[in-house]
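# What the coordinates show
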Amino acid sequence: MNDQKQMITMTQDGELLKPSVELESPMHEGMYLPNVQYLEMKKVSNFGGARIRMAKRFWVGGGQARSHEEQMVADVGYLNISRKAIVFAGSTSTISLPLGKIIRVQPYTDGVGVYKEGRQKEYRFTWGKSIDMKLVNVAGDDGTVKPLNGKVI
């Protein structure tokens, strides 16, 4: 994966924000975001206690097994947001979410969570500080370059 840094300029025209990007999308449409991480919830188990070997293949011990869910990076790739779909293409997985099937979008400071119809878990995409934005003609903004926020998406 290349270490390109993306710059997105969002211009307010009426009530909508129109993006213009420096890097062109491989799909030739929409907003292209490189170096995006796809996060998944994974179950992590921990065992606490002691075990003593009494004989070959025979152990005696006590303790507790505890498990919890943790967000882990499942893949890294690019995110393309168009008028038809949100597409993530990584090194091991490709996710296509048609806009008609999206029921909710959860903005984060460094990414966005997308909920699809018929699925309980969210698709979470983060880009950290690898993508910058500049807002033009937006009331209350100073026009400086800052990291891209999920609320803008």
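Here, every reference points to the structure presented above.
Residues numbered from 1 in each chain as written. Predicted model: local features only at pLDDT ≥ 70, side-chain atom pairs only at ≥ 80, totals over all residues. Heavy atoms only, no water.

This paragraph deals with the packing of aromatic side chains. Scanning all chains against the criterion turns up 5 aromatic pairs. Relative to tyrosine 78, the ring of tyrosine 32 lies with its centre 5.3 Å away and its plane at 50°, an arrangement referred to as tilted. Of the two residues, tyrosine 32 sits in strand β3 (residues 31–55) while tyrosine 78 sits in strand β4 (residues 58–81), which places them 46 residues apart along the sequence. Both residues of the pair, tyrosine 32 and tyrosine 78, count as buried. Taken together, Tyr38, Phe88, Tyr123 and Phe125 form an aromatic cluster joined through their ring pairs. A cation over an aromatic ring shows up here: arginine 119 above the ring of tyrosine 123, its NZ or CZ 4.0 Å from the ring centre. Of note, arginine 124 hangs over the ring of tyrosine 108, and the distance from its end group to the ring centre comes to 3.6 Å. (Phe/Tyr/Trp six-rings, centres within 6.5 Å; stacked < 30°, edge-to-face > 60°. Helix = DSSP H or I, 4+ residues; strand = E, 2+ residues; numbered from the N terminus. Buried < 20%, exposed > 50% of the residue type's maximum accessible area, 1.4 Å probe, protein only. Lys NZ or Arg CZ within 6 Å of the ring centre and 35° of its normal.)

With respect to the helices and strands, the residue leucine 79 is situated in strand β4. When the C-alpha atoms of leucine 79 and methionine 31 are compared, they prove to be 8.1 Å apart, with 48 residues separating the residues in sequence. The residues contacting leucine 79, other than those within four sequence positions of it, are Met31, Tyr32, Leu33, Val36, Ile86, Val87, Phe88 and Phe125. (Contact = heavy atoms within 4.5 Å.)

What follows covers the pairing of strand β7 (residues 102–108). With 6 bridges connecting them, β7 and strand β8 (residues 111–116) associate as antiparallel partners. Opposite glutamine 106, over in β8, you have glycine 113 as the bridge partner. Counting the residues that bridge the hairpin from β7 to β8 gives 2 residues. (Pairing = 2+ DSSP bridges.)

Attention now goes to a nonpolar patch on the surface. There is a patch of nonpolar side chains on the surface, built from Ile52, Met54, Phe58 and Val60 and spanning about 410 Å² of accessible area. Mapped onto the nonpolar patch, the elements with two or more residues apiece are β3 and β4. Relative to the assigned elements, isoleucine 52 resides in strand β3. (Patch = residues over 30% accessible without salt bridge, like charges linked within 9 Å, V, L, I, M, F, W, Y side chains within 5 Å. Areas by Shrake-Rupley, 256 points an atom, 1.4 Å probe, with all protein chains shown as cover. Salt bridge = Lys/Arg side-chain N within 4 Å of Asp/Glu carboxyl O.)

In the structure shown here, the tally under the stated rule is 3 salt bridges. The partner of lysine 42 in a salt bridge is glutamate 40, with the nearest N and O atoms 3.3 Å apart.

The next thing to look at is the nonpolar core. Of all hydrophobic cores here, the largest spans 24 residues; its most connected members are Leu33, Leu79, Leu97, Phe125 and Leu148. Going through the elements one at a time, β1 (6–13), β3, β4, β5 (85–90), β6 (94–98), β8, β9 (123–126) and β10 (131–136) are the ones with two or more residues in this core. When residues of this core are assigned to their parent elements, the largest contribution, 4 residues, is made by β3. (Core = buried A, V, L, I, M, F, W, Y, C linked by side-chain atoms within 4.5 Å.)

Once that is clear, we can look at the pairing of β9. Taking every second residue as pointing to the same face, both faces of β9 are buried, with Tyr123 and Phe125 on one and Arg124 and Thr126 on the other. With 4 bridges joining them, β8 and β9 adopt antiparallel strand pairing. By the bridge assignment for β9, glycine 113 is matched with arginine 124.

Next up on the list: unusual backbone geometry. Phi at asparagine 35 takes a positive value of approximately 55°, unusual for a residue other than glycine. Within the secondary structure, asparagine 35 is located in strand β3.

This brings us to the environment of threonine 109. Within the element layout of this structure, threonine 109 appears in the loop between β7 and β8. The exposure class of threonine 109 is exposed, given its relative accessible area of 65%. Residues threonine 109 and lysine 151, 42 residues apart in the sequence, show an inter-C-alpha distance of 7.6 Å. Excluding residues that lie within four positions of it along the chain, threonine 109 makes contacts with Leu148, Asn149 and Gly150.

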